[in-house]
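Fold and contact review
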Number of protein chains: 2
Amino acid sequence: MDVQRAIQLLQHEGYKVTKPRENMLQYFELEDGYRTAKDFMAFTEGNYESMSFDTVYRNLHLYHYLGILEATELDGEKHFRMNCMSDHHHHFICKDCGGTKKIPICPMDEIEKILTNYEIEGHKLEVYGVCPLCKSA
Amino acid sequence: MDVQRAIQLLQHEGYKVTKPRENMLQYFELEDGYRTAKDFMAFTEGNYESMSFDTVYRNLHLYHYLGILEATELDGEKHFRMNCMSDHHHHFICKDCGGTKKIPICPMDEIEKILTNYEIEGHKLEVYGVCPLCKSA
DNA sequence: TTTACAAATCGGAACCATTCCGATATAATG
DNA sequence: CATTATATCGGAATGGTTCCGATTTGTAAA
(Lines give C-alpha, C1' and ligand atoms only; values in the text may rest on other atoms or scores of the structure.)
Protein backbone atom coordinates (compact mmCIF):
# COMPACT_ATOMS: atom_id res chain seq x y z
CA MET A 1 0.00 0.00 0.00
CA ASP A 2 1.38 3.40 -0.98
CA VAL A 3 0.23 6.95 -0.34
CA GLN A 4 -1.46 7.32 -3.68
CA ARG A 5 -3.52 4.18 -3.33
CA ALA A 6 -4.48 5.10 0.23
CA ILE A 7 -5.71 8.51 -0.94
CA GLN A 8 -7.77 6.88 -3.67
CA LEU A 9 -9.28 4.63 -1.03
CA LEU A 10 -10.13 7.60 1.21
CA GLN A 11 -11.88 9.39 -1.65
CA HIS A 12 -13.68 6.28 -2.79
CA GLU A 13 -15.02 5.72 0.72
CA GLY A 14 -16.17 9.32 1.02
CA TYR A 15 -13.53 10.61 3.42
CA LYS A 16 -11.91 13.98 2.90
CA VAL A 17 -8.28 14.20 1.88
CA THR A 18 -6.70 16.68 4.29
CA LYS A 19 -3.18 17.90 4.98
CA PRO A 20 -2.93 16.02 8.29
CA ARG A 21 -4.08 12.83 6.60
CA GLU A 22 -1.58 13.18 3.80
CA ASN A 23 1.23 13.91 6.23
CA MET A 24 0.45 10.78 8.20
CA LEU A 25 0.37 8.62 5.08
CA GLN A 26 3.71 10.00 3.92
CA TYR A 27 5.25 9.30 7.31
CA PHE A 28 4.13 5.68 7.43
CA GLU A 29 5.11 5.08 3.82
CA LEU A 30 8.69 6.10 4.57
CA GLU A 31 9.01 4.28 7.90
CA ASP A 32 9.96 0.63 7.80
CA GLY A 33 8.63 -0.76 11.05
CA TYR A 34 5.92 -0.33 13.65
CA ARG A 35 5.47 3.25 14.89
CA THR A 36 3.36 4.89 17.60
CA ALA A 37 1.24 8.04 17.63
CA LYS A 38 3.98 9.64 19.69
CA ASP A 39 6.62 8.67 17.12
CA PHE A 40 4.63 10.46 14.49
CA MET A 41 4.04 13.52 16.68
CA ALA A 42 7.76 13.77 17.36
CA PHE A 43 8.43 13.60 13.65
CA THR A 44 5.98 16.38 12.80
CA GLU A 45 7.78 18.80 15.16
CA GLY A 46 10.62 19.20 12.71
CA ASN A 47 8.76 18.59 9.48
CA TYR A 48 5.10 19.49 9.33
CA GLU A 49 3.07 21.96 11.27
CA SER A 50 2.21 20.20 14.51
CA MET A 51 -1.03 18.34 14.82
CA SER A 52 -3.52 17.44 17.57
CA PHE A 53 -3.26 14.04 19.22
CA ASP A 54 -6.96 13.68 18.68
CA THR A 55 -6.48 13.99 14.94
CA VAL A 56 -3.60 11.53 14.91
CA TYR A 57 -5.47 8.86 16.86
CA ARG A 58 -8.67 9.36 14.92
CA ASN A 59 -6.87 8.86 11.64
CA LEU A 60 -4.82 5.94 12.90
CA HIS A 61 -8.07 4.21 13.71
CA LEU A 62 -9.54 5.19 10.38
CA TYR A 63 -6.53 3.88 8.49
CA HIS A 64 -6.63 0.66 10.46
CA TYR A 65 -10.34 0.31 9.75
CA LEU A 66 -9.72 0.85 6.05
CA GLY A 67 -6.87 -1.63 5.99
CA ILE A 68 -4.28 1.02 5.17
CA LEU A 69 -2.35 0.38 8.38
CA GLU A 70 -1.89 -2.78 10.40
CA ALA A 71 -1.68 -2.57 14.17
CA THR A 72 -0.13 -4.33 17.11
CA GLU A 73 0.41 -3.78 20.80
CA LEU A 74 3.87 -3.48 22.33
CA ASP A 75 4.54 -2.45 25.94
CA GLY A 76 1.11 -0.90 26.42
CA GLU A 77 1.33 1.26 23.31
CA LYS A 78 -0.40 0.76 19.98
CA HIS A 79 2.00 0.51 17.05
CA PHE A 80 1.15 0.89 13.37
CA ARG A 81 2.78 0.22 10.02
CA MET A 82 1.76 0.27 6.39
CA ASN A 83 -0.26 -2.77 5.43
CA CYS A 84 1.31 -5.00 2.82
CA MET A 85 -2.15 -6.34 2.12
CA SER A 86 -1.19 -8.64 -0.74
CA ASP A 87 -0.46 -12.00 0.87
CA HIS A 88 -1.40 -13.18 4.33
CA HIS A 89 1.66 -13.36 6.53
CA HIS A 90 3.02 -12.58 10.00
CA HIS A 91 5.96 -10.64 11.38
CA PHE A 92 9.12 -10.85 13.34
CA ILE A 93 9.27 -7.52 15.22
CA CYS A 94 12.54 -6.04 16.45
CA LYS A 95 12.23 -4.70 19.99
CA ASP A 96 14.97 -2.13 19.40
CA CYS A 97 14.06 -0.45 16.11
CA GLY A 98 10.49 -1.64 15.57
CA GLY A 99 11.52 -3.05 12.20
CA THR A 100 9.84 -6.17 10.84
CA LYS A 101 10.54 -9.22 8.75
CA LYS A 102 7.90 -11.27 7.02
CA ILE A 103 7.14 -14.75 8.27
CA PRO A 104 5.35 -16.60 5.48
CA ILE A 105 4.13 -19.35 7.80
CA CYS A 106 0.64 -19.55 9.27
CA PRO A 107 -0.73 -22.55 11.16
CA MET A 108 -4.38 -21.45 11.02
CA ASP A 109 -5.47 -24.22 8.67
CA GLU A 110 -4.48 -26.86 11.17
CA ILE A 111 -5.83 -24.83 14.08
CA GLU A 112 -9.24 -24.46 12.48
CA LYS A 113 -9.51 -28.22 12.33
CA ILE A 114 -9.03 -28.36 16.11
CA LEU A 115 -11.46 -25.55 16.92
CA THR A 116 -14.65 -27.05 15.55
CA ASN A 117 -17.72 -25.28 16.96
CA TYR A 118 -15.60 -22.25 17.85
CA GLU A 119 -16.32 -18.97 16.08
CA ILE A 120 -12.91 -17.72 14.99
CA GLU A 121 -12.75 -13.96 14.52
CA GLY A 122 -9.03 -13.38 14.29
CA HIS A 123 -5.58 -14.52 15.20
CA LYS A 124 -2.17 -13.15 16.02
CA LEU A 125 1.22 -14.69 15.40
CA GLU A 126 4.20 -12.52 16.16
CA VAL A 127 7.83 -13.25 16.96
CA TYR A 128 9.79 -10.78 19.09
CA GLY A 129 13.51 -10.23 19.44
CA VAL A 130 16.44 -8.33 17.99
CA CYS A 131 17.17 -8.06 14.29
CA PRO A 132 20.67 -8.71 12.89
CA LEU A 133 21.31 -4.98 12.41
CA CYS A 134 20.48 -3.98 15.99
CA LYS A 135 22.32 -7.05 17.24
CA SER A 136 25.59 -5.99 15.71
CA ALA A 137 25.16 -2.35 16.76
CA MET B 1 0.34 -24.69 38.63
CA ASP B 2 -1.65 -24.67 41.87
CA VAL B 3 -1.65 -22.41 44.92
CA GLN B 4 0.55 -24.69 46.98
CA ARG B 5 3.24 -24.96 44.35
CA ALA B 6 3.15 -21.20 43.76
CA ILE B 7 3.65 -20.57 47.48
CA GLN B 8 6.60 -22.94 47.55
CA LEU B 9 8.06 -21.03 44.62
CA LEU B 10 7.61 -17.70 46.42
CA GLN B 11 9.39 -18.99 49.50
CA HIS B 12 12.15 -20.63 47.50
CA GLU B 13 12.83 -17.36 45.70
CA GLY B 14 12.92 -15.39 48.94
CA TYR B 15 9.56 -13.60 48.63
CA LYS B 16 7.25 -13.26 51.60
CA VAL B 17 4.00 -15.16 51.71
CA THR B 18 1.35 -12.59 52.60
CA LYS B 19 -2.43 -12.59 52.82
CA PRO B 20 -2.89 -10.48 49.70
CA ARG B 21 -0.59 -12.81 47.79
CA GLU B 22 -2.46 -15.88 48.92
CA ASN B 23 -5.81 -14.33 48.07
CA MET B 24 -4.65 -13.55 44.57
CA LEU B 25 -3.36 -17.06 44.03
CA GLN B 26 -6.63 -18.56 45.21
CA TYR B 27 -8.59 -16.31 42.87
CA PHE B 28 -6.60 -17.24 39.79
CA GLU B 29 -6.62 -20.92 40.67
CA LEU B 30 -10.41 -20.94 40.66
CA GLU B 31 -10.88 -18.80 37.55
CA ASP B 32 -10.78 -20.53 34.21
CA GLY B 33 -9.83 -17.80 31.77
CA TYR B 34 -7.93 -14.56 31.46
CA ARG B 35 -8.74 -11.98 34.14
CA THR B 36 -7.75 -8.35 34.75
CA ALA B 37 -6.61 -6.52 37.86
CA LYS B 38 -10.05 -4.93 37.94
CA ASP B 39 -11.75 -8.35 37.79
CA PHE B 40 -9.82 -9.39 40.85
CA MET B 41 -10.53 -6.13 42.70
CA ALA B 42 -14.23 -6.55 42.04
CA PHE B 43 -14.06 -10.07 43.41
CA THR B 44 -12.34 -9.01 46.62
CA GLU B 45 -15.15 -6.59 47.44
CA GLY B 46 -17.41 -9.42 48.44
CA ASN B 47 -14.82 -11.91 49.59
CA TYR B 48 -11.59 -10.65 51.04
CA GLU B 49 -10.74 -7.39 52.70
CA SER B 50 -10.15 -4.97 49.86
CA MET B 51 -6.66 -4.44 48.60
CA SER B 52 -4.67 -1.63 46.99
CA PHE B 53 -4.33 -1.51 43.21
CA ASP B 54 -0.64 -1.02 43.74
CA THR B 55 -0.40 -4.34 45.54
CA VAL B 56 -2.43 -6.13 42.91
CA TYR B 57 -0.38 -4.88 40.00
CA ARG B 58 2.90 -5.43 41.80
CA ASN B 59 2.02 -9.04 42.50
CA LEU B 60 0.61 -9.65 39.06
CA HIS B 61 3.98 -8.64 37.65
CA LEU B 62 5.79 -10.74 40.21
CA TYR B 63 3.69 -13.79 39.41
CA HIS B 64 4.24 -13.25 35.72
CA TYR B 65 7.97 -12.89 36.29
CA LEU B 66 8.01 -16.11 38.30
CA GLY B 67 6.00 -17.95 35.68
CA ILE B 68 3.03 -18.44 37.98
CA LEU B 69 0.73 -16.45 35.71
CA GLU B 70 0.76 -16.02 31.97
CA ALA B 71 -0.26 -12.68 30.48
CA THR B 72 -1.82 -11.22 27.37
CA GLU B 73 -3.21 -7.95 26.18
CA LEU B 74 -6.86 -7.52 25.19
CA ASP B 75 -8.47 -4.16 24.38
CA GLY B 76 -5.78 -2.15 26.14
CA GLU B 77 -6.00 -4.11 29.38
CA LYS B 78 -3.57 -6.70 30.67
CA HIS B 79 -5.14 -10.09 31.33
CA PHE B 80 -3.71 -12.92 33.41
CA ARG B 81 -4.37 -16.59 34.02
CA MET B 82 -2.69 -19.45 35.83
CA ASN B 83 0.21 -20.86 33.88
CA CYS B 84 -0.14 -24.48 32.82
CA MET B 85 3.63 -24.61 32.55
CA SER B 86 3.89 -28.31 31.73
CA ASP B 87 3.78 -28.41 27.93
CA HIS B 88 4.33 -25.54 25.54
CA HIS B 89 1.08 -24.56 23.88
CA HIS B 90 -1.06 -21.62 22.79
CA HIS B 91 -4.63 -20.51 23.36
CA PHE B 92 -7.90 -19.78 21.76
CA ILE B 93 -9.35 -16.91 23.83
CA CYS B 94 -13.08 -16.22 24.02
CA LYS B 95 -13.83 -12.51 23.70
CA ASP B 96 -17.00 -12.85 25.75
CA CYS B 97 -16.00 -14.84 28.83
CA GLY B 98 -12.21 -14.73 28.66
CA GLY B 99 -12.14 -18.51 28.72
CA THR B 100 -9.44 -20.39 26.85
CA LYS B 101 -8.85 -23.60 24.95
CA LYS B 102 -5.46 -25.12 24.37
CA ILE B 103 -4.00 -25.13 20.90
CA PRO B 104 -1.27 -27.78 20.82
CA ILE B 105 0.23 -26.43 17.59
CA CYS B 106 3.31 -24.21 17.42
CA PRO B 107 5.11 -23.30 14.22
CA MET B 108 8.24 -21.95 15.92
CA ASP B 109 10.50 -24.74 14.71
CA GLU B 110 9.88 -23.83 11.10
CA ILE B 111 10.01 -20.11 11.87
CA GLU B 112 13.40 -20.40 13.53
CA LYS B 113 14.77 -21.87 10.34
CA ILE B 114 13.67 -18.75 8.48
CA LEU B 115 15.01 -16.27 11.05
CA THR B 116 18.68 -17.12 10.94
CA ASN B 117 20.81 -14.35 12.47
CA TYR B 118 17.78 -13.03 14.33
CA GLU B 119 17.82 -13.14 18.13
CA ILE B 120 14.44 -14.60 19.06
CA GLU B 121 13.28 -13.63 22.54
CA GLY B 122 9.67 -14.68 22.48
CA HIS B 123 6.59 -15.27 20.39
CA LYS B 124 2.84 -15.02 20.60
CA LEU B 125 0.22 -17.14 18.91
CA GLU B 126 -3.36 -16.50 19.92
CA VAL B 127 -6.70 -17.13 18.28
CA TYR B 128 -9.65 -14.89 19.16
CA GLY B 129 -13.35 -15.48 18.84
CA VAL B 130 -16.38 -16.87 20.63
CA CYS B 131 -16.43 -20.23 22.36
CA PRO B 132 -19.29 -22.73 21.80
CA LEU B 133 -20.85 -21.93 25.18
CA CYS B 134 -21.02 -18.16 24.64
CA LYS B 135 -22.10 -18.74 21.05
CA SER B 136 -25.21 -20.64 22.08
CA ALA B 137 -26.02 -18.21 24.92
C1' DT C 1 9.29 -15.56 72.00
C1' DT C 2 10.91 -11.32 71.28
C1' DT C 3 13.46 -8.27 68.45
C1' DA C 4 14.96 -6.16 64.26
C1' DC C 5 14.70 -5.16 59.67
C1' DA C 6 13.94 -5.82 54.99
C1' DA C 7 10.07 -6.38 52.29
C1' DA C 8 5.14 -5.71 51.42
C1' DT C 9 0.93 -3.07 51.78
C1' DC C 10 -1.94 0.99 51.77
C1' DG C 11 -4.34 5.12 50.00
C1' DG C 12 -3.89 8.71 47.36
C1' DA C 13 -1.48 11.33 44.06
C1' DA C 14 0.81 11.11 39.68
C1' DC C 15 1.50 9.31 35.08
C1' DC C 16 0.69 8.36 30.38
C1' DA C 17 -1.63 6.80 26.35
C1' DT C 18 -5.86 7.64 24.57
C1' DT C 19 -10.48 9.78 24.04
C1' DC C 20 -13.97 13.31 24.50
C1' DC C 21 -15.75 17.99 23.68
C1' DG C 22 -17.13 22.53 21.97
C1' DA C 23 -15.43 25.81 18.89
C1' DT C 24 -13.24 26.67 14.58
C1' DA C 25 -11.53 25.56 10.00
C1' DT C 26 -11.68 23.20 5.63
C1' DA C 27 -12.52 19.95 1.61
C1' DA C 28 -15.96 18.73 -1.48
C1' DT C 29 -20.17 19.70 -3.95
C1' DG C 30 -23.44 22.39 -6.61
C1' DC D 1 -18.51 31.39 -4.32
C1' DA D 2 -21.70 29.60 -0.93
C1' DT D 3 -23.12 25.74 1.65
C1' DT D 4 -22.54 22.05 4.61
C1' DA D 5 -20.99 17.98 6.37
C1' DT D 6 -16.63 16.56 7.89
C1' DA D 7 -12.13 17.24 10.06
C1' DT D 8 -9.08 19.65 13.09
C1' DC D 9 -7.63 21.93 17.26
C1' DG D 10 -6.38 22.55 22.10
C1' DG D 11 -7.51 21.51 26.32
C1' DA D 12 -9.94 18.89 29.57
C1' DA D 13 -11.30 14.25 30.93
C1' DT D 14 -10.69 9.22 31.24
C1' DG D 15 -8.95 4.83 32.60
C1' DG D 16 -5.41 1.58 33.33
C1' DT D 17 -1.22 1.52 35.64
C1' DT D 18 2.61 3.16 38.55
C1' DC D 19 4.83 5.96 42.03
C1' DC D 20 5.44 7.60 46.85
C1' DG D 21 5.85 8.24 51.81
C1' DA D 22 3.99 6.25 55.82
C1' DT D 23 2.65 2.09 58.05
C1' DT D 24 2.35 -2.86 58.62
C1' DT D 25 3.98 -7.51 58.45
C1' DG D 26 6.70 -11.87 57.43
C1' DT D 27 10.89 -13.87 58.51
C1' DA D 28 15.29 -14.78 60.45
C1' DA D 29 18.28 -14.12 64.17
C1' DA D 30 18.97 -13.41 69.13
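To start, this report covers the structure provided alongside it. This is a predicted model, so every value here is computed, not measured. (Residues numbered from 1 in each chain as written. Chains lettered and ligands numbered in written order. Predicted model: local features only at pLDDT ≥ 70, side-chain atom pairs only at ≥ 80, totals over all residues. Heavy atoms only, no water.)

Turning our attention to the sheet that holds strand β4 (residues 100–103) of chain B. The strands making up a sheet associate through backbone hydrogen bonding, with each pair oriented either parallel or antiparallel. Reading across the sheet, the six strands line up as β4(A)-β3(A)-β5(A)-β5(B)-β3(B)-β4(B) and stay open at both edges, with mixed pairing between neighbours. Strands at the two margins of the open sheet, each flanked by one partner only, are β4 (100–103) of chain A together with β4 of chain B. On average, each strand axis in the sheet is tilted by 25 degrees relative to the strand beside it, whichever way the strands run. Relative to strand β5 (residues 119–130) of chain B, strand β3 (residues 90–94) of chain B is paired through four bridges, and the arrangement is parallel. Looking at β5 of chain B, one finds that Phe 92 of chain B is bridged to Val 127 of chain B. (Pairing = 2+ DSSP bridges. Helix = DSSP H or I, 4+ residues; strand = E, 2+ residues; numbered from the N terminus. Axes fitted to C-alpha atoms, helices over the stretch in contact; angles between N-to-C directions.)

Turning our attention to the protein's contact with DNA strand C. Around DNA strand C lies a shell of 20 residues, among which Lys 38 and Tyr 57 of chain A together with Thr 18, Thr 55 and Arg 58 of chain B are the nearest. Considering DNA strand C, the proportion of its atoms within 4 Å of the protein that are sugar or phosphate atoms stands at 65%. For DNA strand C, a base nitrogen lies 3.1 Å from a polar atom in the side chain of Lys 16 of chain B. The contact in question runs from a phosphate oxygen of DNA strand C to an N or O atom on the side chain of Thr 55 of chain B, over 2.8 Å. Of all the secondary-structure elements, those providing two or more residues to the surface near DNA strand C are α4 (53–65) and β2 (77–82) of chain A together with α2 (19–30) and α4 (53–66) of chain B. (Near = heavy atom within 4 Å. Polar contact = N/O pair within 3.5 Å; in protein donor to acceptor, adjacent residues only side chain to side chain.)

Next up on the list: the packing of aromatic side chains. Counted by the stated rule, this structure contains 12 aromatic pairs over all chains. A ring pair is formed by Tyr 118 of chain A and Phe 92 of chain B, whose centres lie 4.7 Å apart and whose planes are at 75 degrees; its orientation type is edge-to-face. Taken as a pair, Tyr 118 of chain A in the loop between α5 (108–114) and β5 (119–130) and Phe 92 of chain B in strand β3 lie in two separate chains rather than in one. Residue classification places Phe 92 of chain B among the buried residues on the basis of a relative accessible area of 1%. For the ring pair Phe 53 of chain B and Tyr 57 of chain B, a centre distance of 6.0 Å and an interplane angle of 25 degrees mean the geometry is stacked. On the criterion of helical spacing, the pair formed by Phe 53 of chain B and Tyr 57 of chain B is a turn pair, its members being four residues apart in helix α4. The exposure class assigned to Phe 53 of chain B is partly exposed, which follows from its relative accessible area of 40%. (Phe/Tyr/Trp six-rings, centres within 6.5 Å; stacked < 30°, edge-to-face > 60°. Buried < 20%, exposed > 50% of the residue type's maximum accessible area, 1.4 Å probe, protein only.)

A few words now on the interface of chain A and chain B. With 30 residues of chain A at the interface, the matching set in chain B holds 30 residues. Taking both partners together, chain A and chain B bury about 2900 Å²; carbon and sulfur atoms supply 70% of that area. The three residues of chain A that bury the most area against chain B are Ile 105, Tyr 118 and Lys 124 of chain A, which together make up 18% of that side's buried surface. Between the two partners, chain A and chain B, sit two salt bridges. Between Lys 95 of chain B and Glu 121 of chain A there is a salt bridge, with the nearest N and O atoms lying 3.2 Å from each other. At the junction of chain A and chain B, the tally comes to 12 residue pairs in polar contact (both at pLDDT 80 or more). Sorting the residues of the side of chain A that touches chain B by element identifies β4, α5, β5 and α6 (132–136) of chain A as the ones contributing at least two each. The biggest single contributor to the side of chain A that touches chain B is β5 of chain A, with 12 residues. Of the residues contributing to the side of chain A that touches chain B, the split by class is 17 nonpolar, four polar and nine charged. Sheet topology note: the β5 of chain A/β5 of chain B ladder contains 11 bridges and is antiparallel. Each residue of the ladder has a partner; that of Lys 124 of chain A, found in β5 of chain B, is Glu 126 of chain B. (Contact = heavy atoms within 4.5 Å. Buried area = accessible area lost by both parts, 1.4 Å probe. Salt bridge = Lys/Arg side-chain N within 4 Å of Asp/Glu carboxyl O. Nonpolar A, V, L, I, M, F, W, Y, C, P; charged D, E, K, R; others polar.)

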